[in-house]
Amino acid sequence: MDHLRFVRRRRVRDPSGLSSAARAQARAAGRAFDGRAHSLEVRFGSGPGSFGAVELWDLVDDAGLAAAELWCVGGGHTAVAFRPGTAEMLGATERGVFHTLDRDFALRLADAWRAVAESHPEADLNRCDLDSLPG
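Residues numbered from 1 in each chain as written. Predicted model: local features only at pLDDT ≥ 70, side-chain atom pairs only at ≥ 80, totals over all residues. Heavy atoms only, no water.

Draft legend 1. Spatial organisation of the side chain of R10. Examined against the element boundaries, R10 turns out to sit in strand β1 (residues 5-11). Here R10 falls in the buried class, since its relative accessible area comes to 19%. A distance of 3.1 Å separates a polar atom in the side chain of R10 from a polar atom in the side chain of D58. Beyond its immediate chain neighbours, meaning those up to four positions away, R10 contacts V54, E55, L56, W57 and D58. (Helix = DSSP H or I, 4+ residues; strand = E, 2+ residues; numbered from the N terminus. Buried < 20%, exposed > 50% of the residue type's maximum accessible area, 1.4 Å probe, protein only. Polar contact = N/O pair within 3.5 Å; in protein donor to acceptor, adjacent residues only side chain to side chain. Contact = heavy atoms within 4.5 Å.)

Draft legend 2. Layout of the side chain of S50. Locating S50 in the fold gives a position in the loop between α2 (40-43) and β2 (54-60). Since its relative accessible area comes to 16%, S50 is described here as buried. Looking at S50, its side chain comes within polar contact range of the main-chain oxygen of G47, at 3.0 Å. Residue contacts for S50: discarding those within four places in its chain leaves F33, V42, R43 and G45.

Draft legend 3. Structural detail: unusual backbone geometry. For R8, which is not glycine, the phi torsion reads 50 degrees and is therefore positive. Relative to the elements of secondary structure, R8 occurs in strand β1. Overall, R8 belongs to the exposed group, its relative accessible area being 55%.

Right, here's the structure in full:
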């Protein structure tokens with residue numbers, strides 16, 4: 001089983017520099033966040049419907065190949081994983097529980113999540129519920 005690791009953490013403060021795929025991911029993350037389809041200007045603003053703090057992480061496998069992109073929005077309220085470069089959702093938190101249909105991905109993500117919690121204790125990602133992941 002290939003391991004995953006979190007790399008290239010970045011804070012996203014506005015949508016202007018996002019690729020079209022990342023913009024689609026941000027819209028999907030917004031729907032996972034509160035069930036609404038607000039514009040990206042609202043999501044990255046400061047009023048109702050905004051994400052607040054946003055972290056975007058890449059996940060790579062043992063060979064260093066992109067395996068997923070994970071958005072952590074709302075200061076850790078919601079995490080959403082996507083296939084790299086697409087808006088195809090691999091899983092998301094809902095009411096504090098990470099849901100995915102891919103058990104292998106969930107197991108690999110759980111290991112990577114625990115490792116990043118130790119190496120980056122300040123990350124918003126750590127506010128998401130690890131107990132819901134297998135392992």
